[in-house]
Every structure is written in structure tokens, then in C-alpha cells.
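Residue-level listing of the chains:
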There are 2 protein chains.
Amino acid sequence: MSDLLLLNVRPMGGDRADILIRDGRIAAIGQGLQAPGATVEDGAGHIAIPALVDAHTHLDKTTWGMDWYTGRKGGSLQDLIDNERNSRIPLDLDVHRQSMRHAIRLAENGAGHIRSHVDVDTDHGLSLLEGKMATRDALRGIIDIQIVAFPQSGLMVRPGTYDLLDRALAAGADIVGGLDPSSMDRDPKGSLDAVFALAVKHAKPIDIHLHEYGELGAFTLDLILERTRAHGLQGLVGVSHCFTLGAHDPARVARQMDEVAREDVRIFTTGHPSAEVPSLQAMRRAGIKVGMGCDGIRDTWGPWGQPDMLHRARIVGMKNSMRRDEELELLLDVASRGGAEAMGIEGHQIAVGAAADLTLVAGQTLAHAVVEEAPRPLVVKGGRVVARAGRLAVPGVTMP
Amino acid sequence: MSDLLLLNVRPMGGDRADILIRDGRIAAIGQGLQAPGATVEDGAGHIAIPALVDAHTHLDKTTWGMDWYTGRKGGSLQDLIDNERNSRIPLDLDVHRQSMRHAIRLAENGAGHIRSHVDVDTDHGLSLLEGKMATRDALRGIIDIQIVAFPQSGLMVRPGTYDLLDRALAAGADIVGGLDPSSMDRDPKGSLDAVFALAVKHAKPIDIHLHEYGELGAFTLDLILERTRAHGLQGLVGVSHCFTLGAHDPARVARQMDEVAREDVRIFTTGHPSAEVPSLQAMRRAGIKVGMGCDGIRDTWGPWGQPDMLHRARIVGMKNSMRRDEELELLLDVASRGGAEAMGIEGHQIAVGAAADLTLVAGQTLAHAVVEEAPRPLVVKGGRVVARAGRLAVPGVTMP
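Residues numbered from 1 in each chain as written. Chains lettered and ligands numbered in written order. Predicted model: local features only at pLDDT ≥ 70, side-chain atom pairs only at ≥ 80, totals over all residues. Heavy atoms only, no water.

## Focus on the overall build of chain A
Spelled out, the test is: In this description a helix means any DSSP run of H or I spanning at least four residues, a strand means any run of E spanning at least two, and both kinds are numbered starting from the N terminus. As a reference, a globule follows 2.2 Å times the number of residues to the power 0.38, and the radius of gyration itself is taken over C-alpha atoms. Here's how the labels work: a residue is buried when its accessible area is under 20% of the maximum for its type, exposed when over 50%, partly exposed in between, all with a 1.4 Å probe on protein chains only. Note on definitions: a residue-residue contact is assigned when non-hydrogen atoms from the two residues lie within 4.5 Å. To measure how exposed things are, a 1.4 Å probe is used in the Shrake-Rupley method; for residues, cover is taken only from the protein chains shown. In this tally, Lys and Arg are treated as positive and Asp and Glu as negative; His is ignored, and so are the chain termini. Charge placement uses NZ in Lys and CZ in Arg. For Asp and Glu, CG and CD serve respectively.
Per the secondary structure count, chain A includes 12 helices and 17 strands. Whereas a compact globule of 400 residues would reach a radius of gyration of roughly 21 Å, chain A reaches 21 Å, a difference of no more than 12%. Considering only C-alpha atoms, chain A reaches an extent of 60 × 50 × 40 Å along its principal axes. Counting the 400 residues in chain A, one finds 65% classified as buried. Contacts in chain A between residues at least 24 apart in sequence constitute 76% of all its contacts with a sequence separation of at least 6. Of the roughly 13,500 Å² that chain A leaves accessible, carbon and sulfur atoms contribute 51%. Averaging the positions of the 43 positive and the 52 negative side-chain charges in chain A gives two centres separated by 1 Å.

## Comments concerning empty space enclosed by the protein
Quick reminder of the rule: Cavity: a set of points on a 1 Å grid over the protein atoms alone where a 1.4 Å probe fits but cannot get out. Pocket: an open set with protein on both sides within 12 Å along at least five of seven lines, its lining residues, like those of a cavity, having an atom within 4 Å of a point. Grid points are joined across faces, edges and corners, and a volume is the space filled by probe spheres set on the points. In the scheme used here, Gly and all other residues not listed as nonpolar or charged are polar, with Ala, Val, Leu, Ile, Met, Phe, Trp, Tyr, Cys and Pro taken as nonpolar and Asp, Glu, Lys and Arg as charged.
With the rule as written, the count across this model stands at 3 cavities of 30 Å³ or more. Taken as a whole, the largest cavity spans an internal volume of roughly 210 Å³. As for the largest cavity, its lining consists of 22 residues, of which H311 and E373 of chain A together with H311, M318 and E373 of chain B are closest to the centre. Taken together, the elements giving at least two residues each to the lining of the largest cavity come down to α9 (309–319) of chain A together with α9 (309–319) of chain B. Split by residue class, the lining of the largest cavity holds 10 nonpolar, 6 polar and 6 charged.

## Observations concerning the pattern of salt bridges
Filter applied, for reference: Any Lys or Arg side-chain nitrogen found within 4 Å of a carboxyl oxygen on Asp or Glu counts as a salt bridge.
Going through the model one piece at a time under the given rule, you end up with 72 salt bridges over all chains. A salt bridge links R388 of chain A to E41 of chain A; the nearest nitrogen and oxygen atoms lie 2.8 Å apart. Note that R388 of chain A is positioned in strand β16 (residues 384–388) and E41 of chain A in strand β4 (residues 39–42), a separation of 347 residues in sequence. In this structure R388 of chain A comes out as partly exposed when scored by relative accessible area, which is 40%. For E41 of chain A, a relative accessible area of 11% puts it in the buried group. Salt-bridge contacts for D333 of chain B lead to R284 of chain B; the nearest nitrogen and oxygen are separated by 2.8 Å. Here R284 of chain B lies in helix α8 (residues 280–285) and D333 of chain B lies in helix α10 (residues 325–334), a separation of 49 residues in the sequence. On the accessibility criterion, D333 of chain B (17% relative accessible area) is buried.

## Section: helix α1 (residues 77–91) of chain B
Residues and elements named next belong to chain B. Keep this limit in mind: In this scheme, a helix's expected span is set at 1.5 Å multiplied by one less than its residue total.
Look at α1: 20 Å from first C-alpha to last across 15 residues, which is about the 21 Å you get at 1.5 Å a residue. All buried positions along α1 are accounted for by L80, I81, N83, E84, R85, S87 and R88. Of the surrounding elements, those touching the buried residues of α1 are α2 (95–108), β7 (111–119), α3 (127–138) and β9 (175–179). Just downstream of α1, D92 is the residue with a positive phi angle, here 60 degrees.

## What about the nonpolar core?
For clarity, the threshold we go by: We define the nonpolar core as a collection of buried residues of types Ala, Val, Leu, Ile, Met, Phe, Trp, Tyr and Cys that are connected through side-chain atoms lying within 4.5 Å of one another.
Counting 90 residues, the largest nonpolar core has I206 and L331 of chain A as the members making the most contacts within it. In contact with I206 of chain A, other than residues within four places in its own chain, are I175, V176, V195, F196, A199, L233, L236, V237 and G238 of chain A. Membership of the second largest hydrophobic core comes to 89 residues, among which are A111, L139, A173 and A194 of chain B.

## Let's talk about the pairing of strand β3 (residues 25–30) of chain B
Residues and elements named next belong to chain B. As a reminder of what qualifies: When DSSP locates at least two bridges between a pair of strands, those strands are taken to pair.
Relative to β3, strand β2 (residues 17–22) runs antiparallel, the two being bridged by 5 bridges. In the sheet register, L20 faces β3, and the bridge partner there is A28. Taking the residues between adjacent antiparallel strands as the criterion, β2 and β3 are bridged by 2 residues, where D23 takes a positive phi near 50 degrees.

## Overview of the interface of chain B and chain A
Applied cut-off: By convention, the term buried area covers the 1.4 Å-probe accessible surface removed from two parts as they join, with the contributions of both added. The term polar contact refers here to a pair of N or O atoms within 3.5 Å; inside protein, the definition further demands a hydrogen-donor-capable atom paired with an acceptor-capable atom, and it admits residues adjacent in sequence only when both atoms are side-chain atoms.
Between chain B and chain A, the contact holds 36 residues from the first and 36 residues from the second. Taking both sides of the interface into account, the surface hidden between chain B and chain A amounts to around 3,200 Å²; carbon and sulfur atoms contribute 54%. Among the residues chain B hides against chain A, the three largest losses belong to W68, W304 and R323 of chain B. Together they make up 27% of the total. Counting across the interface, chain B meets chain A through 2 salt bridges. The shortest N-O distance in the salt bridge between E372 of chain A and R298 of chain B comes to 2.8 Å. Put simply, chain B and chain A have 19 residue pairs in polar contact (both at pLDDT 80 or more) between them. Among the secondary structure elements, those contributing two or more residues to the side of chain B that touches chain A are α9, α10 and α12 (366–371) of chain B. When residues in the side of chain B that touches chain A are grouped by element, the largest group, 5 residues, is from α9 of chain B. Residues belonging to the side of chain B that touches chain A are distributed by class as follows: 14 nonpolar, 11 polar and 11 charged.

## A few points about the sheet that holds strand β13 (residues 290–292) of chain A
Residue and element names in this part refer to chain A. Rules: For helices, the axis comes from a line fit to the C-alpha atoms of the stretch in contact; other axes are also lines fit to C-alpha atoms, and the angle between any two N-to-C directions lies between 0 and 180 degrees.
Strands sit in the order β6-β7-β8-β9-β10-β11-β12-β13 across an open sheet of 8 strands; the sheet is parallel. This sheet does not close on itself; its edge strands, each paired only once, are β6 (52–57) and β13. On average, each strand axis in the sheet is inclined to that of its neighbour by 25 degrees, with strand direction left out of account.

## Things to note about the relation of the copies chain B and chain A
Just so we agree on the cut-off: Here the copies are superposed with least squares, the fitted atoms being C-alpha atoms of residues at a pLDDT of at least 70 in both.
Structural alignment of chain B on chain A gives an RMSD of 0.0 Å, achieved by rotating through 180 degrees and translating 0.0 Å along the axis. Each copy turns onto its partner about a two-fold axis. Both copies present the same face, since 100% of the interface residues in chain B are matched by interface residues at the equivalent positions in chain A.

## Side note on the packing of aromatic side chains
Aromatic ring pairs are described here by two measures, namely the spacing of the ring centres and the angle between the planes. Residue and element names in this part refer to chain A. To keep things clear, this is the line we draw: The criterion for an aromatic pair is that two Phe, Tyr or Trp rings (for Trp, the six-membered ring) have centres within 6.5 Å, with stacked assigned to planes under 30 degrees apart, edge-to-face to planes over 60 apart and tilted to the rest. Each ring is checked for a lysine NZ or an arginine CZ that lies within 6 Å of its centre and within 35 degrees of its normal; such an atom marks a charge sitting over the ring.
By the definition in use, this model includes 2 aromatic pairs over all chains. On the numbers, 5.6 Å between centres and 20 degrees between planes, the contact of Y213 with F243 is stacked. Of this pair, Y213 sits in the loop between β10 (206–210) and α6 (214–231) while F243 sits in the loop between β11 (237–241) and α7 (250–262), and the two are 30 residues apart along the sequence. Overall, Y213 belongs to the partly exposed group, its relative accessible area being 47%. For R72, the ring lying beneath its charged end belongs to W68, and the centroid distance is 4.8 Å.

## Describing the layout of surface pockets
Put simply, the largest pocket is a space of about 1,300 Å³. The wall of the largest pocket is formed by 44 residues, among which E276 and K319 of chain A together with A275, E276 and K319 of chain B lie closest to the centre. For the lining of the largest pocket, the secondary-structure elements that each account for two or more residues are α9 of chain A together with α7 (250–262), α8 and α9 of chain B. Ranked by residue count, the leading element in the lining of the largest pocket is α7 of chain B, at 5 residues. Residues of the lining of the largest pocket, tallied by class, amount to 22 nonpolar, 16 polar and 6 charged.

## With respect to the domain arrangement of chain A
Residues and elements named next belong to chain A. Filter applied, for reference: Note: domain ranges come from an automatic or database domain assignment.
The domain architecture assigned to chain A consists of domain 1 (4–50 + 349–392) and domain 2 (52–342). Computed over C-alpha atoms only, the centres of domain 1 and domain 2 are separated by 29 Å. Each partner contributes residues to the interface: domain 1 has 21 residues there, and domain 2 has 24 residues. Carbon and sulfur atoms make up 62% of the surface buried where domain 1 meets domain 2, a total of about 2,000 Å² over both sides. Three residues, V370, R376 and K381, lead the burial of domain 1 against domain 2; their summed loss comes to 33% of the area buried on that side.

## Describing the side chain of T63 of chain A
Residues and elements named next belong to chain A. Within the secondary structure, T63 is located in the loop between β6 and α1 (77–91). With relative accessibility at 4%, the residue T63 sits in the buried group. The contacts of T63, once residues within four sequence positions are left out, are Y69, R72, L93, Q98, I297, R298 and D299.

Next comes the structure, spelled out in C-alpha cells:
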């Protein structure tokens, strides 16, 4: 791959500069850079930021590009889970095709990393994982995908799922998933012991969906913190949603946020429309490493969302009552550098030596870029241009 | 104006039909309509709905099309009000230019009616009203604008404002505004007596911003209901935001919703990002006529929003935990027919005899149209095409 010289961009909204990229890394940032033989791109004065990061999604669940889905239900979390599991085959919700659609749109919108949960259950076995691994392979060099083996339909309540998760991790899943150890899995000790045992056995990180509210969620979160400490897994445990930290119980929430920061448990938030979510500002003030994800997009659960991390940042920003420029800059940091850090990807920034995973964004300032609804002018992954003006620009790769 | 024959549309998402428009009204709906001499438009199978309705906004406050505004503040409602009042002149926030920008974008996005609040205060006198009345005149036939004379900086706490409101109503404002009679205006009896006196004197409706929470807001709302009943102003009083009906106090909220419905007080909701809002579903179940508005868009208060009522419908839908098709259809109804009804505009629908104010929307079904982010294919106001593919198409009128 030849060098790439990106002319006339504004790194993090600062002064205009050029960025020289060599061997997939940022080799120089400065004015009037020369690089004979390099491919040259004109950044037209746009702001350059580290690639956006979708730290929590379910790529394969989207109906994007399919006929409008009319079968969404009300009811409990269990009803929604059952509706999805029973709809996949009649809907022809092809995991590979749908995850390709979702991931490519994310890449076109400037994302460079994704963490995606894939359902592992006794109805589908590892078939969904296989489809998503095919997407991970197909998009290598375009967008990086971490795959969480996720017991969406329960682990303790669905005998056989533990062995499937074990096989999923051996087969190539990157992370051990979990789901509501108390409310859904009905056995918090058993469920968490199983998840941590799999993590230790496979030497892989953990990411647990925790929708549980109030005191029940606080109890389960304490059990997660205890196991993180006992196993010395600081930095390797994530909790997604963690609505219990959004409760109106300031003293308890502050105490738990401090402990989450101390055990370096990562929190992944999505600005969920139907729940109280933990305050992004409070989590960052407590020192927690936080990532943000677009979660499910137009899936059997709900109609909302776009496969675009700036769209998601706006939802999260509104949910967190943000309005000032410094708040929008925090939001953008969580949607890019901070989200990568929370996923265990270090050094994700516009700096010499960093991986050349970056995107240009429209807007006069970083804050403006968060709210401006415009395609990303240019997306670079590993030093290669992968999208222009919001459309994939990789020879041989097309949207299915 | 010649007749307009709109071929091949799906009224309210139903079967394909043609719509014949004559003298600004829908003259016929059916298949294979003939109209010699009529202008013909091909609807390409898109869904036709009554024009969208922005029932609560502040057209002139937007910074749309200006440089990014960096001066947003945190703090109290009073801080935000003061920041805006003090920023208008230094920012060159020209009322006519900005309200034109905002209103034209709304029209391009399929809106046919707007209710806009204009600040009347002792710093600016009636100058803001004059700028907005110029916009109302300039856009006659493109989009209808109701103007509320709004004491944004207070009525009782700013002596001189009552006389300004009186003059504003005589000068052409359509509706008497009010602001938080207890929390902001510090004299609920005095403030509401003044607002109702102006309404009776000028024989014009009322629309009061009520941000007050919990018991305080409930108290003020009761005072509004009492005066509505005493003056026989059923159907002529509106309350905007009405956060107190979003409180977690089911018995009190249900009692007040019933009374709001009984006195036919209209509620205008915006899916405010930083507040608990009244449940749209519960209000409609109680029989309340509800409108929806985009409120302030990228103004000195906050950075969020788009001048597009489908964008706002998505915010309101997420805020109300909607996900099923019938919920999205309710949302669309509030954003169009229902909002017009709440604003006192009867018969806003796709039906023979109705005013030919309609828009085509992209999507397979009504629910799909709510979430699909796409320009409106065609917008018709009073029988005339005013926008195509999301852009104004009226000779002689341009975006300032």
C-alpha cells in the first residue's frame, strides 16, 4: 500500500494541517508536508477525528434494506426476545447479509471499530456466530469487528447454552457475553460464575448486558464487581446498559460508580429510549471508561436508529441533557477515542504513531460536527480510504 | 390557479389512487381520474398524508445557516432566557431572516401549518413580532403561520409587558402567550388573570408555556383549568410542554388529564430532551387534543433538532417508548391531522372537500414513513406544489 498524504484537514478541529500516513500508521502531522509517490487526498478543510466506534450493537438483527417489518410487539423483555428468536427464520433474517449491511453503513459513516453481540442459543446453535464471523472476515481492513458470544435467550435457564458459548469462544468469538443474571437468568451466582469461568478458561474479556433496574441491578452489579476483583480481571470486564446506575439514588449510584472506576469495569451505553440511563457526565467524572453504541437498529425489537455513530451521539446527548460545546466534545470523545479505549483498543487518536483509523466530519467545530447531519467526507481505515462522501469506496466490496 | 391532478399516490398508505385538486381543495380521490387542462404530477406510488404541522416552535430563535454558536450555557431557565435576550443583537439574530430559514425548511419537509411563539419583552418591544409578521406575509400560500405573542422574559415580573402584549395582539399576533405563571412570573393569579383578560379583550386563543414540575405545575394547571371553565373558553386554551402531566404520580396525572380533556384544553408537546414529558398515548386515551412541535432548533438554548416534523416525531416517539406500528401511526397523526385540530384547524385530512394541504412521504407504510430519513417527494399547499424532493419549488421565493 502506498503512502497516503491527507492535505488540508483540521485535526480535532484545530488549525489546518496535513497528515502523512505510512504503513497504516500516522507518520507525520504538520503544514506543507511532502511525500513523493504518496497518494494525495484533499481534505478540503474538514475536521479530522479518530474513527468513530460503535461499542455496542447487534449487527445481524437489523432489518435494514428489507421490507418494513410489521410484527413489533409490546410486552416484557422476555416477549421481545421470544418474538425475535421465533421471527428470524420466517423473516429470512440472514445474519451475514444483514450484518454486512449494518457494518458497511457504519463504516460509510466513519466508524472504524465495532463490538457486536451475536446470539448463541439452543435453537440456532453457532449458526449466527458463523454468519457474523464471515462478515468480520469480509470486512477486514475496512472495519474491525469484535464479536461477543451472547446468550440472548439465557444461560442458566437454557441448558446447553454453556457448552455452546464454550464452543463459540473456541471457534472465534472474542468476548464472553452475559444477560441479566438475576432478572432473566434467574440465578445470579450461577450465571456470573459461569461467565467468569468461560472468561478465565479462554482468556477473553467479558461484556454483560445488565438491564436490571434499581436495587436488583445494584445487587447484580456488586456481584460483577466482586468477581472482577477476585479474578483480577480489572480492565477486562464490561457492563452494557447498566440502567441501575441511572437510578434516582445519588448516594448509592455514586458509591457504585466509584467502585466501577476502581475495578476498571467498562460501561457501554446506548441512550436507550425506554429507560433511565446512567449519566455520561457523571460516569466520566468518576473516571469510568465509557463506550457508546447504536444498539439494535430497525430490528424486531424497535424501529428506531440509524447505523451512524453521530446519529447515536445525538440521541445519547439529548438523553443526557447536554447542550454546551464542551458537553458535545465529551460526547464525540466517547463515540470515538473513549469508546475504543473502553473496548481495549489503546492509542486511538490523531497522533503520530497511532493507527491511521480516522474520519473527516462536516462542521466548523467539534461540537458542530456532532449535530450537523451530513455525510462523512472521507473515511480512512489502516491508512486506506474506505469511503467518500458517505459511500463505500473499496474496489470489490459492495453493499449486499 | 389551474387544477392539479396528482396521479398514483397512496392516501394514508392505502391503495393507489389519484387525487384531483380544484380551487385549493381536494375535489376527488379515485382511480383513473381525468381532468382536462389540469397540471399533472406523478406521485410515483408514495404515501400521501395531510401536511405535517409544527404546533410549537420559535421560528426566529434558530441560528440555522449562521456560524456555529459557541455561547450556550448551563444553569437555570432564567439563565438561558437572559443569555438569549442579551445575545440577539451581538449575534445579529435577525428575526425575519432566521424565521424565513426555519419556516422554509419546515415547508420543504412537508409542513403546512406552524404555530410560532415570538418574544415580546421590554428590551425588544414589538420589533421581533414585526419581523415574524413579515415572514408570515412572505410565506402566505406556502405555509400558514400562527403567531403567539409570548412574554418570554415574564409578564408580571417585567412591568410594561402587559401593554406590549396588548399592542402585539392589536397589531396582528394571533394568540396570547404566557410563561410559567408561578415559577417564572411569581404571581400565578395575577399572571393568569392578565393572560385571560387579554384573550377575552381581543377574542383570541391562549397558549401558555408551562415548564413547572410536580405539585407546583399541577397547581398552576388547575388555575388554568378553573379560568378556562369560568370564561367558557373550552377549545381556545392551550398549554405547551405541561411537564407536570409527565410526573410519576399516576392518580393525580390521570385526574388532571381527564379535566384537561373535559375543558378541551389543548396540549402541545415537543419530546423535550431534558424533562419528563406527558405520555402521548395516555393523553390521547384521555381524549385530549394534542399537537407536536419541534420547539427551538439549534438556538442559543440548545444545539439539537432539525426543522422537520418527521425528525421531531422520532424524538417524541423514542421519548414515549413507542415501537409498534400502531404507535408510530398515532405519532404521525399527532404530527399532522391531530396537531392541526389542536391548533383549531378543522378538517385537516386527505378527504374530498378538505383543504389541499398535503405531503408525500417515503416509505412502504405509515409507520415506515415515520422512521425513514428521506426528503419529502412532493409538498402541496392550497393546491399548489411548493416543494419537490425536499427543496422549495415556488418561483420568486428563495431561502435567505
